[in-house]
Structures are given as structure tokens and as C-alpha cells.
Amino acid sequence: MCGIVGYIGEKNATPIILGGLKKLEYRGYDSAGIAVIEEGNIELRRDVGKLVNLEKLVEQQPLSGKIGIGHTRWATHGAPSAKNAHPHIGETGDVVIVHNGIVENYLELKEELEAEGAHFNSETDTETIVHLIERNLGSGVSLEKAVRLSLQRIKGAHGIVVISSKEPDKIIAARIGNAGGVVIGYGEGEMFVASDIPAILEYTRRMSFLESQQMAVVTRENATITTLDGKAVPAKIDTIAWDPVAAVKGNYRHFMQKEIHEQARSLIDTLTGRVDFENNRINLMNLNLDAEKARKFNKVIITACGTAYHAGLVGKTMIETIARIPTEVDIASEFRYRDPLVDENTCVLTISQSGETADTLAAMEEARNKKAMVFSIVNAIGSQAMRVADGYISMQVGPEIGVASTKAFTAPLVDLYLFAIYLADLRGTLSEEERYRSIYDLRVIPDLAGKCLKREDAVREVAEKIKDIHNILYLGRGINMPIAYEGALKLKEISYIHAEAYPAGEMKHGPIALIDQDMPVLAIMPKDQWYEKMLSQVEQAKARGGILILVATDGDERAGELGDDVLWIPEAPWMLTPVFATIPLQMLAYHIAAIRGLDVDQPRNLAKSVTVE
Ligand code: F6R
């Protein structure tokens, strides 16, 4: 969704802001803009489309200054266009802002402001904020006060950053609710503001994160943080361990391909420091969970969106099998509005790569209001989902740039497995022998993930064969049923091919009518307890003339005979097969989209971090 970058210091702000916006490109956007204070005046450049358009514009009409703000926009109110792009400048030309979120009462405010003579230049809700600030400035208050007063008038969730040519020594940033993060970066004689860590990681690792209802006045030297009603808040500065190099494409054609390959490493990192193979123990210390709390749980509810929701579905089987606690999985946008049956003995676990997904955060809030214990599995360090939880598991996969989630899907699969063991152990329901077996099985993960990755050429050949299909049906059962959902989601989001996924046992209740030579079937059938059942469903599809692509275990002769193509995966403990069945499906989706010449890393209409409802 929208991205924000701000700079104040002694250097030229323009390349720093454009460079920061480039690092946020993966989030998805439709227009971009930059404003700097140049010789006492605000200079503004905005353009529709990719950042390169803005860069060209800035080349033709350069701007430079030591303070500035930039934005990439994902349209909510008003079509993508140069005039609707941020930053938005007021009528006096003295104030300029960038904004993430939706001003829910903007029509009412716009009417009020227009009645007072304000002229709007865009179709955006954001423009109301800059008019409000100007109106307040007109009464003689400081910029800080004017922003505070304006924020009191707007409804909804917001991240906003403001500069003014009348007070060119500061950036004002604020956060209300969950419309993406606001990060303050601390340099030497220079400071940064951004919606996301990668935008400024090249310059500093020392960062503070604004909570909801907080505001920061950022000067060259420091940041003063207060609540919106003016109470001082001590700044907590975290040091971010992410490697900026991780956010560079390297020799790979796309970030998605790079991130698929990074799974060999990210899965090792997922185990490191959490699994004690010598003593057969799991330690998830950031969960802040002890035996007393864990024993209180009467159920677990996992709630998340998209790919993270699919990980949750796999987690259900793991938690119910290992910890024997009833586990529900719900889509966050449903959970938040369905008045869920949750109480102080419910463990609500959310999963989120960005940690800023609006629906997921609202689901956490709903759970919290109902007194549940709330935990999260999160990738983005310092994100809201990490901060507001009672405890968290950090994914340890580094920044994920490709919009289609890959390494941030397989890591939580393993995190959920660790969580299930940890929970069972704390509750005293896991025998020594079961604990030993479950932990022992984890050893194979890095090696088997590596084996799957080495088979990319074979997957590419299958991609080449089926690249022109229009539809495909994904089937799976048991613990791999969610992997069918995930495989289909990956394909549709980056290749725009219609892919549907079904629990294989449901095929005969309807979708079987679709199967013919134009509707390939991709069936996930590793050698596990659902294998025989999968086999018979695959036979049924074959009998209807369907082209079969199978994900099967090395050495499975029956699969070799039945499948038009087989994506082979190594033999693995059944509860961990989802990790290995996922990798060829990620590679298949990737290669089909790449062969079709599509924009793999930034598919149309999608955003990396969905900070609106
Ligand atoms: C698909 C994808 C999305 C996200 C979803 C939730 O590849 O990435 O479906 O999984 O938008 O995002 P997070 O995990 O950031 O909460």
C-alpha cells in the first residue's frame, strides 16, 4: 500500500527520498511524488505510474533541499493521477503532507472547508488534512499545534507526515490506528521518517516506532515523541538487525525468485536459537508464555489474511495433533466482525508478514477487547502486530520484497510446529518420547528444502508446458489441503491464471464437472496418511480426461505412471511435508508468470502491506 519517506539533515533530500521510495516499490502503488523545501519554498513533483516516471520528471525538473517528504500511493479515493498523487500542498503553498489511510469523514470536512472558501485540487480525502492544517495555522498557532488540532478532526486510521516552509527545521509525523507504521530513523546530524524499515535501513539501524495516537517532532538532531494530546513519551530506540543487502535482487531475475531460494537459509534461521537439539527443547522466549498461562487455554484461534491464513490452516493440524488443543482458523476480516466466542482462556494467534495488515490488527483488537491472550507470528520487526501482542514469534526471514509471499509462508509453518511443541510441553501433555521425535524431525528441514530448490529446472519445464492454460484446479487433503489453496493463490496473483483449490474429497461434490482436457488438475499427494485417498481422487480426475500434475514423494511409482508431469519432493516427516510441497508450487507459479513476461514482483492491483479494510 502507500509508502512514506521523509528526510531532514545536511544532505540533498531528493536522492535519499527517491531511493527510499524505490525500496518501498514492492509494496505496490500507482503514483508517486516528492516535495522538498528549496530556498525557503516548497517544490513539488508528482507523477502517475511507476517510480521511474517520477525519477524522469525529477531529472527534467530537478529539486533539491535539506528537508523533504515523498510518497508512493495506492489509490483509495480518487483515481491514480498526478494531481491525486501525494504530497498534497495547501493553498498558501506553505504546508505539504503525505498520508496513509482513509479520512472517513472527508466529505463532511470537505463541505465545511469549501463553505469557508477552500479550493480543492484533487479528488483525494487526504487534501482535507492539509486544508485543516492551514486553517489552524491561520489562527497563529505553531505547525505542531496546527497538526495536533487537525488530527483531532479526522476520523479513521492514519499515518501522516507534514513539513512547512514556515518552520523548515522540522518534520511532524503522527500515527492514529492501523494505517501502516511510522518509523523514525536516527542518523548523525540527520533524521529519517518512513512507513517501513527498508526505506531507511541503508542509512541507520537505530529506529523508533510510533504507537497509535502518537506524534513526533523530528529535527536534524532528534525526535520528540508525545501523545496526540501532548503528553511526553520517552523514545524507545531499537537497533534493527536486518541486513540491507537482503533487500537487493542480486543475480536473480526477480525478488520472488531470490526469496524462494532464500528459504534454504530462512528455514535454518527459523530453527536457530529456538530448537535445542541436545536437550530436546523448544524455546520461544518472546512469546512470554509460561506453564500457568498455557494451561488455561481452552482453545486456540488462529486469525490472519491471505497466505498467512493458509499457514494458519496448516497450524491447526499441527497444534491439534501435537498439543491436542481445539484450534479454529479464521480469516481476520471475518473474525473481527463476527462477534467471536472468545474469552480470557482463549489463545488468539495471528500471523502476518508485514505486521501492519489492517484486518489482522483489528482482529487482534477484537480479541483483546474480549480479554483473550493475544500472540503473533510476525516478520516485520517493530510492526504493530508484534508490539500489541502479549508475546510474539519473530519470523527471522529478513525483508520480503516480492509482493507474493514465499519465505514468509514457509517460516511460519515451522514456527507453528515449534509453537505446538512448546505449548504441549508447557501444558505437560507431551511425552518425552513424542517431544524427542517431533524435535528430531526438524533436523531434516534445511537439507530437504535445499533438495527441493535444486529441482528448479524440472519445475521450469512443467511451467513451459502449461504456461498458456486459462484454468487449473489444485487439490490436496489433510495437512496439505491448505497447500493447494496456497499454490493456487500464488499462481493466480502473479500469473492472472484462474486457479481454484479444493479439499480433494470435495471434488466429487461439484468441481469434478469442470474437469476436461482444458482444465489441468494439480494434486498434492505425498506419501502420508491421506495418500491412498488422494490416489483415488487423482484416478477419478484421470478418468475424466484431466491433465494431471502431481506433487509426489520421490520413488512413488504409481504417481510416476499416473501424472502427465510430477513435481517430485523428498520423503519427509508427514507434518513437515507442507514446507516441501510448497516450494515446487512457488517455483511453478513464478516460472509461469516469468515466462508470460509479467511483472512478477509487483503484480497488478496488489500491495505488499494491506493497511486498509
Ligand atoms: C499473497 C500475500 C497476501 C498476504 C496477505 C496478508 O502472496 O502475500 O495474501 O499474505 O495480504 O499479509 P500479511 O502477512 O502482511 O498480514
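For the structure, check the block above.
Worth saying up front: this structure is predicted, and the values here are computed from it rather than measured.

The subject of this paragraph is the overall build of the chain. Within the chain, the secondary structure is distributed over 20 helices and 27 strands. For 613 residues, the compact-globule estimate of 2.2 N^0.38 gives 25 Å, and the chain sits close to it at 25 Å. When the backbone C-alpha atoms are referred to their principal axes, the chain occupies close to 80 × 55 × 45 Å. Among the 613 residues that make up the chain, the fraction classed as buried is 61%. Considering only contacts in the chain between residues 6 or more positions apart, those separated by 24 or more positions represent 71%. A total of about 22,900 Å² of accessible surface is found on the chain, and carbon and sulfur atoms cover 49% of it.

This paragraph deals with the nonpolar core. Grouped together as the largest cluster of nonpolar side chains are 96 residues, with contacts concentrated most on Leu423, Tyr474 and Leu588. It is helix H13 (residues 407-426) that provides the largest number of residues to this core, a total of 15 residues. The two domains that each donate at least three residues to this core are domain 2 (247-447) and domain 3 (455-595). In this structure, Val36, Ala194, Met207 and Ile240 belong to the second largest nonpolar core, which totals 27 residues.

With respect to the element layout, Ser195 can be found in the loop between strand S10 (191-194) and strand S11 (206-209). On the accessibility criterion, Ser195 (6% relative accessible area) is buried. A polar contact of 2.8 Å, which involves the side chain of Ser195, links it to the side chain of Asp196.

What follows deals with the packing of aromatic side chains. Counted according to the given criterion, the structure contains 5 aromatic pairs. Each ring, one from Tyr7 and one from Phe192, has its centre 5.4 Å from the other, and the planes form 55°; the classification is tilted. Highlighted residues: Tyr7 in strand S1 (residues 3-8) and Phe192 in strand S10, separated in sequence by 185 residues. As far as the burial class goes, Tyr7 and Phe192 line up, both buried. Linked through ring pairs, Tyr7, Phe192 and Tyr203 together constitute an aromatic cluster. Above the ring of Tyr531, the side-chain terminus of Lys527 is found at 5.0 Å from the ring centroid. For the cation-ring pair, Arg604 lies above Tyr496, with the distance from its terminal atom to the ring centre recorded as 3.8 Å.

The N-to-C vectors of helix H7 (residues 263-271) and helix H15 (residues 445-454) enclose an angle of 170°; their axes lie 9 Å apart at closest approach. Taken together, H7 and H15 sit at an angle that is classed as roughly antiparallel. By crossing handedness, the relation of H7 to H15 is classed as right-handed. Contact residues: Ala264, Leu267, Ile268 and Leu271 in H7; Ile445, Pro446, Ala449 and Leu453 in H15. Of the residues assigned to the contact of H7 with H15, the class counts are 8 nonpolar, no polar and no charged.

About the thresholds
- Residues numbered from 1 in each chain as written.
- Predicted model: local features only at pLDDT ≥ 70, side-chain atom pairs only at ≥ 80, totals over all residues.
- Heavy atoms only, no water.
- Helix = DSSP H or I, 4+ residues; strand = E, 2+ residues; numbered from the N terminus.
- Rg over C-alpha atoms; globule rule 2.2 N^0.38 Å.
- Buried < 20%, exposed > 50% of the residue type's maximum accessible area, 1.4 Å probe, protein only.
- Contact = heavy atoms within 4.5 Å.
- Areas by Shrake-Rupley, 256 points an atom, 1.4 Å probe, with all protein chains shown as cover.
- Core = buried A, V, L, I, M, F, W, Y, C linked by side-chain atoms within 4.5 Å.
- Domains from an automatic or database assignment.
- Polar contact = N/O pair within 3.5 Å; in protein donor to acceptor, adjacent residues only side chain to side chain.
- Phe/Tyr/Trp six-rings, centres within 6.5 Å; stacked < 30°, edge-to-face > 60°.
- Lys NZ or Arg CZ within 6 Å of the ring centre and 35° of its normal.
- Axes fitted to C-alpha atoms, helices over the stretch in contact; angles between N-to-C directions.
- Parallel < 35°, antiparallel > 145°, perpendicular 65-115°, else oblique.
- Left-handed = near helix turned anticlockwise from the far one by under 90°.
- Nonpolar A, V, L, I, M, F, W, Y, C, P; charged D, E, K, R; others polar.

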